[in-house]
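# Structural description and commentary
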Amino acid sequence: MLKKLLLSAVVAAASLFTTASAQRTELSLSYGGYTQMDATNMHDGWHHVNNAWGALNVGLNFNVARNIWIGPSYTFSSTTTKGGPKHSSIAYHAVMLNGRYHYYRNSIVTLYAKLGLGVEFSYMQPYDDDNYTKAYCAYQIVPLGAQVALSNNVALFGELGFGAQGVAQVGFKFGF
């Protein structure tokens, strides 16, 4: 019985590895403006917090079915409080799992929707106290995303939605 279970696990792992190696993969790099961290209180109730400069995003996506991509992403953003030379700082780090569905495609343009869910860590750096970290729920909802193929392996994309990666996001995708 144990041998059959072990053999089944090995066969399942081998089939997953074979499937994973055959799928397409892409790396995405983007900038997003006005993030979830600005719109919601993800700064521990601190007062007089400036809006962040936006967010830098990097993601690794795997094509798991004909129109479905899944993968992790990392987002970085930061801000300060108003207050001159004695201001405090906040660094935002978000890690999410994203799913994307392509609902229209031709030879050049692809339209899609995306949903991401994960955790955001606000690294609080008060001017006159010890640093500490607060964790919040991070998400990204994109009803309208579009990418334009520049070559077989490079695409320019833009997204409109809301979340940790920004309300409006633009960037590049590199396939390999």
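Everything discussed here concerns the structure shown above.
Throughout what follows, the structure given in this document is the object of discussion. These numbers come from a predicted model, not from an experiment.

## Considering the environment of Leu156
- Tracing the backbone shows Leu156 in strand β7 (residues 154–163).
- Taking relative accessible area as the criterion, Leu156 reaches 40% and is therefore assigned partly exposed.
- Between the C-alpha atoms of Leu156 and Val170, which are 14 residues apart in sequence, the distance is 7.6 Å.
- Not counting chain neighbours up to four residues away, the residues in contact with Leu156 comprise Ala146, Gln147, Val148, Leu150, Gly171 and Phe172.

## Observations concerning the sheet that holds strand β1 (residues 25–33)
- Here we have 8 strands rolled up into a closed barrel, ordered β1-β2-β3-β4-β5-β6-β7-β8, and antiparallel in their pairing. The sheet shows a mean angle of 25 degrees between the axes of neighbouring strands, direction not considered.
- Alignment of strand β6 (residues 132–149) against β7, held across 8 bridges, turns out to be antiparallel. Within β7, the residue paired with Val148 across the bridge is Leu156.

## Some thoughts on the nonpolar core
- Core analysis: the largest hydrophobic core is formed by 12 residues, namely Met37, Met42, Trp46, Val49, Ala52, Ile90, Tyr92, Ala94, Met96, Met124, Ala138 and Ala164.
- The element best represented in this core is strand β4 (residues 89–105), accounting for 4 residues.

## Some points on the packing of aromatic side chains
- In the structure shown here, the tally under the stated rule is 3 aromatic pairs.
- Summarising the aromatic geometry, the rings of Trp53 and Phe76 are spaced 6.1 Å apart at their centres and angled 45 degrees between planes, so their arrangement reads as tilted. Here Trp53, found in the loop between α2 (36–39) and β2 (55–65), pairs with Phe76, found in strand β3 (residues 68–80); they are 23 residues apart in sequence, far enough to count as distant.
- Looking at Trp53, the relative accessible area reads 39%, which means it is partly exposed.
- A cation over an aromatic ring shows up here: Arg100 above the ring of Tyr112, its NZ or CZ 5.2 Å from the ring centre.

## Topic: unusual backbone geometry
- One non-glycine residue, Tyr34, lies in positive phi territory at about 50 degrees.
- By the secondary structure assignment, Tyr34 is in the loop between β1 and α2.
- On the basis of relative accessibility, which here comes to 42%, the residue Tyr34 falls in the partly exposed class.
- At His48, a residue that is not glycine, the phi angle is positive and equals roughly 60 degrees.
- Mapped onto the fold, His48 is located in the loop between α2 and β2.
- Exposure remark for His48: the relative accessible area of 59% places this residue in the exposed category.

## Some words on the pattern of salt bridges
- Per the counting criterion, the structure on display carries 3 salt bridges.
- Residues Glu26 and Arg100 are paired through a salt bridge, measuring 2.6 Å at the closest nitrogen-oxygen approach. Taken together, the residues span a long stretch of sequence, with Glu26 in strand β1 and Arg100 in strand β4 at a distance of 74 residues.
- Between Asp44 and Lys134 there is a salt bridge whose closest N-O contact spans 3.5 Å. One end of the pair, Asp44, is in the loop between α2 and β2; the other, Lys134, is in strand β6, and 90 residues separate them in sequence.
- Here Lys134 falls in the partly exposed class, since its relative accessible area comes to 30%.

## A look at the pairing of strand β8 (residues 168–175)
- By the bridge criterion, 8 bridges tie β1 to β8 in an arrangement that is antiparallel. If you follow Tyr31 over to β8, its bridge partner there is Val170.
- Alignment of β7 against β8, held across 7 bridges, turns out to be antiparallel. The residue of β8 that forms the bridge with Gly158 is Val170.
- Following β7, the chain reverses through 4 residues before pairing antiparallel with β8; Gly166 in that reversal takes a positive phi of roughly 120 degrees.

Procedures and definitions
- Residues numbered from 1 in each chain as written.
- Predicted model: local features only at pLDDT ≥ 70, side-chain atom pairs only at ≥ 80, totals over all residues.
- Heavy atoms only, no water.
- Helix = DSSP H or I, 4+ residues; strand = E, 2+ residues; numbered from the N terminus.
- Buried < 20%, exposed > 50% of the residue type's maximum accessible area, 1.4 Å probe, protein only.
- Contact = heavy atoms within 4.5 Å.
- Pairing = 2+ DSSP bridges.
- Axes fitted to C-alpha atoms, helices over the stretch in contact; angles between N-to-C directions.
- Core = buried A, V, L, I, M, F, W, Y, C linked by side-chain atoms within 4.5 Å.
- Phe/Tyr/Trp six-rings, centres within 6.5 Å; stacked < 30°, edge-to-face > 60°.
- Lys NZ or Arg CZ within 6 Å of the ring centre and 35° of its normal.
- Salt bridge = Lys/Arg side-chain N within 4 Å of Asp/Glu carboxyl O.

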